[in-house]
Amino acid sequence: MTDDFEQRAQELLETPARDHALVVGMAALQAVPVIGGVVATFISEYVPRKKQERLVGFVQDLGREFEADRDRIDAEFVKTKDFDRMVEDVLDRVQTVRNEAKLGYWAALLAVMSTNDRPRPTDRERMIQTLDDLRHDILRLLHVIATTTEGPPNLYMGGVSATLDWKMPDVSNDDARRMWGDLQRADVVQGYPSGIMTKEGAGNLTVRLTPYGREFVRLLRLEAGYAE
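This structure is a prediction, so every number in the text was calculated from the model and none was measured. (Residues numbered from 1 in each chain as written. Predicted model: local features only at pLDDT ≥ 70, side-chain atom pairs only at ≥ 80, totals over all residues. Heavy atoms only, no water.)

**Here's the deal with helix α7 (residues 103-112)**
Across the ten residues that make up α7, a large majority, ten, are buried. Buried within α7 we find Leu103, Gly104, Tyr105, Trp106, Ala107, Ala108, Leu109, Leu110, Ala111 and Val112. Here the buried face of α7 lies against α5 (56-68), α6 (81-94), α8 (121-133), α9 (136-147) and α13 (211-219). (Buried < 20%, exposed > 50% of the residue type's maximum accessible area, 1.4 Å probe, protein only. Helix = DSSP H or I, 4+ residues; strand = E, 2+ residues; numbered from the N terminus. Contact = heavy atoms within 4.5 Å.)

Below, the structure written as structure tokens:
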């Protein structure tokens with residue numbers, strides 16, 4: 001018995017810390033009723049072992065998101081082939097994510113799409129594609145747009161650029177305009193506003209979201225700001 005214990009202890013010592021985190025994260029995910037074990041099995045069987053280690057953050061975030069939504073999870077939907085296809089689609093995208101900070105958004109999207117108030121199938125596919133298309137820095141800009149209702153304190157009149165400079169001082173206005181254009185092409189925001197406006201007009205960026213953009217922000221819980 002002592003020898004077995006010492007052997008397991010030695011194996012744990014030799015296991016990389018990232019593996020420990022993955023094991024703990026998978027255990028927490030499996031503990032979520034109805035859906036946790038199903039998705040944990042998907043990850044174990046569908047994602048190659050060498051890539052699973054990259055998904056520590058995703059697994060941890062997914063466990064938290066499912067736990068937060070556990071009362072709204074659609075137990076019948078989880079049993080369907082549509083759910084299987086959706087999980088596979090998300091896992092395909094997650095495995096190619098280069099910036100791990102973006103994984104939290106994928107976790108939030110998969111969780112909310114498993115609930116009773118999930119979007120209809122065509123909208124689910126559209127949102128998965130939209131999230132896949134948007135880089136992490138563009139999601140950061142979208143977070144700013146979705147949460148900014150007033151401009152800088154010393155602004156009397158000016159343009160939206162003044163508000164973006166205030167909120168994202170490390171991003172040039174040219175880069176912000178290009179990223180805004182990417183969001184517009186995804187139908188998440190309206191066109192970049194130009195010209196001089198009142199402080200309210202230049203500062204309230206939330207009104208620049210499209211109806212689809214508002215729903216996208218809501219489903220990703222983007223106002224909470226994984227991009228921060």
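**Here we look at the pattern of salt bridges**
Two side chains carrying opposite charge are able to pair once their charged atoms lie near each other. Taken as a whole, this structure holds 18 salt bridges when the rule is applied. The salt bridge involving arginine 140 is made with aspartate 170; its shortest N-O contact spans 2.9 Å. Here the residue arginine 140 occupies a position in helix α9, and aspartate 170 occupies one in the loop between α10 (160-167) and α11 (173-185), the gap between them amounting to 30 residues. Relative accessible area serves as the criterion here: at 23%, arginine 140 is assigned to the partly exposed category. On the basis of relative accessible area, aspartate 170 is assigned to the exposed category, the value being 57%. The partner of arginine 178 in a salt bridge is aspartate 175, with the nearest N and O atoms 2.2 Å apart. Placement of both arginine 178 and aspartate 175 in helix α11 is noted, with a separation of three residues, approximately one turn of the helix. (Salt bridge = Lys/Arg side-chain N within 4 Å of Asp/Glu carboxyl O.)

**Considering the packing of α6 against α7**
Between α6 and α7, the least distance of the axes is 11 Å, while the angle of their chain directions is 175°. Considering the angle they form, α6 stands roughly antiparallel to α7. Packed against α6, whose contacting residues are Met86, Val87, Val90, Arg93 and Val94, the element α7 presents Leu103, Trp106 and Leu110 at the interface. Here the residues of the contact of α6 with α7 are counted per class, giving seven nonpolar, no polar and one charged. (Axes fitted to C-alpha atoms, helices over the stretch in contact; angles between N-to-C directions. Parallel < 35°, antiparallel > 145°, perpendicular 65-115°, else oblique. Nonpolar A, V, L, I, M, F, W, Y, C, P; charged D, E, K, R; others polar.)

Read these as layout, nothing more, since geometry by itself doesn't imply function.
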